[in-house]
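Report on the structure
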Amino acid sequence: MRERTLLTAVLTATILTSCGGGASGPAEKVLSKKIYTQLAGKYQEIYDFQNGVARVMADGRQYGLINGKGQEIVPANVYYIDQPIDGMYVAYTQDNKYGAYNEKGKLVIPFEYDDISDFCDGYARVRKGQYSSESKYGFVDKTGKVVVPVNYDHASEGFSEGLAVVGMDGEQSDLYGYVNAKGEEVIPLQFKNADIFSEGLAAVRMKTGWGYINKKGELATSAKYYDAYPFSDGLAVVEGENNYSVINKTGELVFNLAAGVEPGEQFHEGMLLVFKNQGKKFGYYNKEGQQAIPFQYDCADGFKDGKALVATLQNKSVTLNTIDKNGTVTGTISSFDELDDYDYVEDLCYDAMYLMKRAESVSSTLSGILDELEEFTDDEDDYDDDDDW
């Protein structure tokens, strides 16, 4: 299955989303002062509320869930409960069996899987089998119903635009196709590799190279590229024999990137993150292929809501700033919590940690961020058991 590599070090970003009602925010603001004081003495950690539910960690790193009244809806005896995604709490036991709770605290997916991905649009990929040679994948909905049989050798992490990638190992090569949420193979397994749909098109690998298909399985562009990335803002990055290019949905060339310039995988709000090998700096191109922001950052992420997070190391001192689409600094990151505002920030986190460790001068604020980043990434390493999708 295709394994994506970002220009920045990869740590999968997670923006907390969930469905339903209820208060959200820090526990000390959601709970009454009396209840918060009582629970602070009971639990080692009370995490932020999401739609009226919060994770708690008891002594010994056992997890549970509480409601807005401070009542346990899941006793704090679960080995680990992850952050809520799409209103679901994926959890697992000490022997690495995965299940999931809903926001009412009901165990809707029993602890019988060897992995469960984050829920997205109501579905999650599940895996049975500890090792890649014996692993089988399928999909479940929020009730725990299996909607795609758990008998595929490969599967994308989730559905996109109503379809998911599935694949089977073959004697000479693996074959990939697409299923819908009814488990129907709507595009037969016929490709050497495949990616999820984006803006109505998906990158697939054929004998002649990578190209794009529509939802009927028909080729929308030539299959001639060394690699091809998802469409965004009507454009896609493709890799040719000697350079990277940007094409539109009919496969027409929009612009070529200069030699020695590597792009991010896709545009974000009309801006493409680019990296120049000479000088090892990041900058941004616009949709016309013009240099919108010079190569001047040591690490950077994509734009969201008109802002991007960038890091620079100068005079052995590192700075984390936000910029607008003109490259103007709009703010300086002053706390770890502020990092949650950025979709791709955790792609940046490892790089930022690396920069901070290289720097001889680090402010007390950044020192605190570094400590929290290290704790955060250590926790992620402890609990991350994803496959190579």
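Quick note: structure is the one above.
First, a word on what this report is: a plain description of the structure on this page. (Residues numbered from 1 in each chain as written. Predicted model: local features only at pLDDT ≥ 70, side-chain atom pairs only at ≥ 80, totals over all residues. Heavy atoms only, no water.)

A short note on the overall build of the chain
- When helices and strands are tallied, the chain shows four helices and 31 strands.
- For the chain, the residues scored as buried account for 46% of the 389 residues in total.
- Within the chain, residue pairs in contact and separated by at least 24 positions form 38% of the contacts whose partners lie at least 6 positions apart.
- Here the chain displays about 18600 Å² of accessible surface, and carbon together with sulfur accounts for 44% of that area. (Helix = DSSP H or I, 4+ residues; strand = E, 2+ residues; numbered from the N terminus. Buried < 20%, exposed > 50% of the residue type's maximum accessible area, 1.4 Å probe, protein only. Contact = heavy atoms within 4.5 Å. Areas by Shrake-Rupley, 256 points an atom, 1.4 Å probe, with all protein chains shown as cover.)

A short note on the sheet that holds strand β1 (residues 45-50)
- Within the open sheet, the four strands sit side by side as β1-β2-β3-β4. Their pairing is antiparallel. The sheet terminates laterally at β1 and β4 (72-78), the two strands that pair on one side only. Averaged over all pairs of adjacent strands, the angle between their axes in this sheet comes to 15 degrees, without regard to strand direction.
- With four bridges joining them, β1 and strand β2 (residues 53-58) adopt antiparallel strand pairing. Looking across to β2, one finds that phenylalanine 49 is bridged to alanine 54. (Pairing = 2+ DSSP bridges. Axes fitted to C-alpha atoms, helices over the stretch in contact; angles between N-to-C directions.)

A few points about the nonpolar core
- Residues Ile81, Tyr101, Ile109, Ile116 and Phe119 are the most contacted members of the largest nonpolar core, which totals 24 residues.
- Sorting the residues of this core by element identifies β2, β3 (62-67), β4, β5 (80-81), β6 (88-92), β7 (98-102), β8 (107-113) and β10 (123-128) as the ones contributing at least two each.
- Take this core: its biggest share by element is five residues, from β6.
- By size, the runner-up hydrophobic cluster in this structure holds 17 residues, among which are Phe275, Phe282, Ile293 and Leu320. (Core = buried A, V, L, I, M, F, W, Y, C linked by side-chain atoms within 4.5 Å.)

Observations regarding the environment of glutamate 269
- Its place among the elements puts glutamate 269 in the loop between β24 (261-263) and β25 (271-276).
- When the C-alpha positions of glutamate 269 and aspartate 233 are compared, they lie 7.2 Å apart, and in sequence the two are 36 residues distant.
- If near-sequence neighbours (up to four positions away) are discounted, glutamate 269 is found in contact with Asp233, Phe303, Lys304, Asp305, Gly306 and Lys325.
- One polar contact links the side chain of glutamate 269 to the main-chain amide nitrogen of aspartate 305, over a distance of 2.5 Å. (Polar contact = N/O pair within 3.5 Å; in protein donor to acceptor, adjacent residues only side chain to side chain.)

A few points about unusual backbone geometry
- Of note in the backbone geometry, glutamate 161 takes a positive phi value of approximately 55 degrees without being a glycine.
- The phi dihedral of lysine 280 is positive, around 55 degrees, even though this residue is not glycine.
- Of note, lysine 280 is situated in the loop between β25 and β26 (281-286).

Some remarks on the packing of aromatic side chains
- Applying the stated criterion to the full structure yields 14 aromatic pairs.
- Plain terms: the ring middles of tyrosine 212 and phenylalanine 231 are 4.8 Å apart, the flat faces sit at 65 degrees to each other, and that makes the pair edge-to-face. You can see tyrosine 212 sitting in strand β19 (residues 209-213) and its partner phenylalanine 231 sitting in the loop between β20 (227-228) and β21 (236-239), a full 19 residues away along the chain.
- Tyrosine 212 gets classed as buried once you look at its relative accessible area, which sits at 1%.
- With a relative accessible area of 1%, phenylalanine 231 lands in the buried category.
- Aromatic pair tyrosine 285 and phenylalanine 295: ring centres 6.4 Å apart, planes at 65 degrees, arrangement edge-to-face. Placement of the pair is tyrosine 285 in strand β26 and phenylalanine 295 in strand β27 (residues 291-297), with a sequence separation of 10 residues.
- Using a relative accessible area of 7% as the deciding quantity, one classes tyrosine 285 as buried.
- Ring pairs connect the aromatic residues Tyr47, Tyr63, Tyr79, Tyr80, Tyr92 and Tyr98, which therefore count as one cluster.
- Against the face of tyrosine 47 rests arginine 55, its NZ or CZ located 4.2 Å from the ring centre. (Phe/Tyr/Trp six-rings, centres within 6.5 Å; stacked < 30°, edge-to-face > 60°. Lys NZ or Arg CZ within 6 Å of the ring centre and 35° of its normal.)

Remarks on the side chain of asparagine 180
- Locating asparagine 180 in the fold gives a position in the loop between β15 (175-179) and β16 (185-191).
- Look at asparagine 180 and you get buried, because its relative accessible area is 14%.
- At 2.9 Å, the side chain of asparagine 180 forms a polar contact with the backbone nitrogen of lysine 182.

Quick word on the side chain of aspartate 153
- Counting through the fold element by element, aspartate 153 comes out in the loop between β12 (146-152) and β13 (154-155).
- Taking relative accessible area as the criterion, aspartate 153 reaches 12% and is therefore assigned buried.
- Only 2.5 Å separates the side chain of aspartate 153 from the side chain of lysine 136, close enough to count as a polar contact.
- Once you skip the residues sitting within four places of it in the chain, aspartate 153 turns out to touch Ser135, Lys136, Tyr137, Gly167, Met168 and Asp169.

Thoughts on the pairing of strand β23 (residues 253-256)
- Where strand β22 (residues 244-247) meets β23, three bridges bridge the pair, whose relative direction is antiparallel. Bridge assignment links valine 246 to a residue of β23, and that residue is phenylalanine 255.
- Taking the residues that link successive antiparallel strands as the turn, the β22-β23 hairpin has five residues, and the phi of glycine 251 there is positive, at about 90 degrees.

So, the sheet that holds strand β11 (residues 136-141)
- Reading across from one edge, β9-β10-β11-β12 is the order of the four strands in this open sheet, with antiparallel pairing throughout. The strands lining the two open edges of the sheet, one partner per strand, are β9 (115-116) and β12.
- Sheet analysis places β9 next to β10, joined by two bridges and oriented antiparallel. Counted as the bridge partner of aspartate 115 is arginine 127 from β10.

Let's talk about the pattern of salt bridges
- Going through the model one piece at a time under the given rule, you end up with eight salt bridges.
- Measuring nitrogen to oxygen at the nearest pair gives 3.6 Å for the salt bridge that ties lysine 215 to glutamate 161. Taken as a pair, lysine 215 in the loop between β19 and β20 and glutamate 161 in the loop between β13 and β14 (164-168) lie far apart in primary sequence, 54 residues in all.
- The partly exposed category is assigned to glutamate 161, whose relative accessible area is 34%.
- Its salt-bridge partner being lysine 281, residue aspartate 298 comes within 2.9 Å of it at the nearest N-O pair. (Salt bridge = Lys/Arg side-chain N within 4 Å of Asp/Glu carboxyl O.)

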